[in-house]
Amino acid sequence: MESFLAALLNGLEIGLLLFVIAVGLNIIFGVLGVINFAHGGLYMLGAYLTYTLVSRGGLPFWPALLLAPLAVAILAIVLERLVLRHVYGRHVTDSLLLTFALLLIIDDAVRMIWGSGIQVVTPPPGLRGATSALGFSYPVYSFFVMGVAIAVMAALWLFFTRTRAGRVIRAAAIDRDMAQTIGINVPLVITGVFALGAWMAALAGVVAAPMRAINPGMGDRIIIDSFIVVVIGGLGSFPGTLAGALVLGMIYAFGGRFLPELNLVLPYIGMALVLLLRPQGLMGRRTG
Amino acid sequence: MLVVEDIHTYYGESHALQGVSLEVKAGEVVCLLGRNGAGKSTTLKSIMGIVSPRRGRIVFEGEEIQGRPAHWIARHGIALVPEDRRIFAGLTVQENLDVAQARRPPGERRWSLERVFDEFPMLAELRDQDGGTLSGGQQQMLAIARALVTEPRLLLLDEPNEGLAPVIVQQIGALIDRLAETTTILFTDQSVPFALKHASRGYILQKGRVVYQGSIETIRNDPEVQERYLSVA
Ligand SMILES: Nc1ncnc2c1ncn2[C@@H]1O[C@H](COP(=O)(O)OP(=O)(O)OP(=O)(O)O)[C@@H](O)[C@H]1O
Ligand SMILES: [Mg+2]
């Protein structure tokens, strides 16, 4: 029972964090029509910047939580304006190749700057160690991760349903030309959305830094997981992204605990099953 | 108010507008007539900045606007209701209006949401419904309302009566007459009867060129022109 509950919590934690990353990928696809491979690199940069600020720079964790995502969002604005902008409206393979190239460049830049070893960040004081509040011992920091992810989710939901800016982004995602025709500055919206997605990926990277091994492969790993989430949940669906992220989180958590030999292939089996049985994803809309 | 001077617009290599010129004076209601594929929509899209003419000038209130992006033109007083309406499906009726509303102090608005709902009581009832679920007539009303909240001085309507039931066509006609008191209007149609009732002047387009301009009555009384350039209603 205990190990079941622990696995459940672990699945929630992995899933919620994945949601924060994959939902950005999904929003960017919705508005830009670009599948952004570089998203994983931006997540990784969030983690490495935290390492530099906290482990190297001696800064407390909290300012890093603000600064690192901000820095990555600014980098994203530059990337969108200088590079990405040129492939909109072209065939989707162009943007795939371009963002894949960006991911490789970020990977190599990380290796050059920080080396290929594993780096470590310790959790901030107050979030270290374990708690037995639920009757069994579980890391305090994990609850913090879930809290951040839930806060991001709630804020996103409020933003997209309750604010004009959120509705404008939805309109631009539904029909870019018509949005432009009613006076929406779509190129500006696109830059903003890309920055928002990058900010969320980097935030996830900061939050992940104290609990994951920081290494130059972590961006590739997370982008694959995000794609699995999107395939399982359905492209363009928020509830679908949450469902897909939680399903994958549970697969990792329960697989790791009860079927360790299969843990590496289980996510792909899950993805293949969804593709076979429900190609539009659990909650995605059917398209032609 | 609007002067279009010899514009040439292309889709890739296809030469859709081959030197279109027309003029709309402040306060007028002008109709652009022509058959399928004549270039009516392309003319409106060129004015709106959705496609850019390769040659020619478009002057609105004394300023050249060709080559400007559509959102700039929308914010400077022109609105377009496209022929396929393009309601944002997934946004409610109210949200469709909300995203289009011009950003200015409420006191300077001619089309506050209250006034829109006064003018279109049907939309008030549907305000929380998904725009994608509306009937054709309701979508057309919403598309016109959405154009109005951008506060246009020139309203472009692309085949506003296309595919609608006669009752709705009548409502749209009455609406155009009322709007005409405060807004300059350029609309398109494939045949004469609707234009005759609601426009003061017309142009006929054929294969991307203006082949006739003048009063709608003259067109009505000239079966040969109708036969040659228009659809029979
Ligand atoms: N997006 C496009 N790509 C390529 N060609 C186009 C496009 N849109 C229109 N055309 C072509 O441009 C020409 C003018 O089309 P346009 O839509 O302006 O005609 P229209 O008078 O509005 O016709 P309709 O009454 O059918 O709406 C036609 O030959 C059409 O095939
Ligand atoms: Mg047309």
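Residues numbered from 1 in each chain as written. Chains lettered and ligands numbered in written order. Predicted model: local features only at pLDDT ≥ 70, side-chain atom pairs only at ≥ 80, totals over all residues. Heavy atoms only, no water.

## Focus on the site of ligand 1
All names here are of chain B. Around ligand 1 there are 13 residues in total, and Gly37, Lys40, Ser41, Thr42 and Glu83 lie nearest to it. In this structure, an oxygen atom belonging to ligand 1 sits 2.8 Å away from a side-chain N or O atom of Glu83. Bound to the protein, ligand 1 loses 62% of the 630 Å² it would expose on its own. Considered class by class, the residues forming the shell around ligand 1 number 3 nonpolar, 6 polar and 4 charged. (Near = heavy atom within 4 Å. Polar contact = N/O pair within 3.5 Å; in protein donor to acceptor, adjacent residues only side chain to side chain. Areas by Shrake-Rupley, 256 points an atom, 1.4 Å probe, with all protein chains shown as cover. Nonpolar A, V, L, I, M, F, W, Y, C, P; charged D, E, K, R; others polar.)

## Considerations on the sheet that holds strand S3 (residues 29–33) of chain B
All names here are of chain B. Spatial strand order, S6-S7-S8-S3-S9-S10: 6 strands in an open sheet with mixed pairing. The open sheet has two edge strands with one neighbour each: strand S6 (78–81) and strand S10 (209–214). Going across the sheet, the axis of each strand differs from the next one's by a mean of 20 degrees, ignoring polarity. Note: S6 against strand S7 (residues 154–157), 4 bridges, orientation parallel. Bridged to Ile78 within S7 is Leu154. (Pairing = 2+ DSSP bridges. Helix = DSSP H or I, 4+ residues; strand = E, 2+ residues; numbered from the N terminus. Axes fitted to C-alpha atoms, helices over the stretch in contact; angles between N-to-C directions.)

## With respect to the domain arrangement of chain B
Residue and element names in this part refer to chain B. Entries for chain B in the domain assignment read domain 1 (1–77 + 154–233) and domain 2 (86–151). Each partner contributes residues to the interface: domain 1 has 16 residues there, and domain 2 has 14 residues. Summed over both sides, the interface between domain 1 and domain 2 buries roughly 1100 Å², with carbon and sulfur atoms accounting for 65% of that surface. There are 1 salt bridge connecting domain 1 and domain 2. One salt bridge connects Arg178 with Glu119, and the closest N-O pair in it is separated by 2.0 Å. Linking domain 1 with domain 2 are 4 residue pairs in polar contact (both at pLDDT 80 or more), by the criterion used here. Among the secondary structure elements, those contributing two or more residues to the side of domain 1 that touches domain 2 are helix H2 (70–75), S7 and helix H7 (166–179). Sort the elements by how many residues they give to the side of domain 1 that touches domain 2 and H7 lands first, with 6 residues. (Domains from an automatic or database assignment. Contact = heavy atoms within 4.5 Å. Buried area = accessible area lost by both parts, 1.4 Å probe. Salt bridge = Lys/Arg side-chain N within 4 Å of Asp/Glu carboxyl O.)

## Thoughts on H7(B)
Residues lying three or four places apart along an α-helix face the same way, a consequence of the helix completing one turn every 3.6 residues. Residue and element names in this part refer to chain B. Taking 1.5 Å of rise per residue, 14 residues should cover 20 Å, and H7 covers 20 Å from first to last C-alpha, within 8% of that figure. Within the span of H7, buried status applies to Val169, Ile172, Gly173, Leu175, Ile176 and Leu179. Along the axis of H7, the buried positions cluster into a sector of 160 degrees, meaning they face one direction only. Relative to its buried face, H7 has exposed residues pointing more than 90 degrees away, namely Pro166, Val167 and Gln170. Looking at the buried side of H7, the elements it contacts are S3, helix H4 (113–119), helix H6 (136–148), S7, strand S8 (184–189) and helix H8 (192–198). (Expected span 1.5 Å × (residues − 1). Buried < 20%, exposed > 50% of the residue type's maximum accessible area, 1.4 Å probe, protein only. Arc of directions from axis to C-beta.)

## Observations concerning the packing of aromatic side chains
If you walk through the whole model with that rule in mind, you get 15 aromatic pairs over all chains. Summarising the aromatic geometry, the rings of A:Trp62 and A:Phe144 are spaced 5.5 Å apart at their centres and angled 85 degrees between planes, so their arrangement reads as edge-to-face. Placement of the pair is A:Trp62 in helix H3 (residues 61–82) and A:Phe144 in helix H5 (residues 140–162), with a sequence separation of 82 residues. Take A:Trp62: its relative accessible area is 41%, and that puts it in the partly exposed class. A relative accessible area of 16% means that A:Phe144 is categorised as buried. In textbook terms, an aromatic cluster arises when at least three aromatic residues are bridged by ring pairs, as seen for A:Phe61, A:Trp62, A:Tyr141 and A:Phe144. Here the guanidinium or amino end of A:Arg176 rests over the ring plane of A:Tyr88, the centre of that ring lying 5.9 Å away. If you follow B:Arg54 out to its NZ or CZ, it ends over the ring of B:Tyr10, 3.8 Å from the centre. (Phe/Tyr/Trp six-rings, centres within 6.5 Å; stacked < 30°, edge-to-face > 60°. Lys NZ or Arg CZ within 6 Å of the ring centre and 35° of its normal.)

## Points about a nonpolar patch on the surface
All names here are of chain A. Together, Phe258, Leu259, Leu262, Leu264, Val265, Ile269, Leu273, Leu276 and Leu277 give the surface a local cluster of nonpolar side chains, amounting to about 900 Å² of exposed area. For the nonpolar patch, the element with the most residues is helix H11 (residues 266–277), which contributes 4 residues. Taking the relative accessible area as the measure of exposure, Phe258 reaches 44% and is therefore partly exposed. (Patch = residues over 30% accessible without salt bridge, like charges linked within 9 Å, V, L, I, M, F, W, Y side chains within 5 Å.)

## Overview of the environment of A:Pro279
On the secondary structure map, A:Pro279 appears in the segment after H11. A C-alpha to C-alpha distance of 42 Å links A:Pro279 and A:Phe61, two positions 218 residues apart in sequence.

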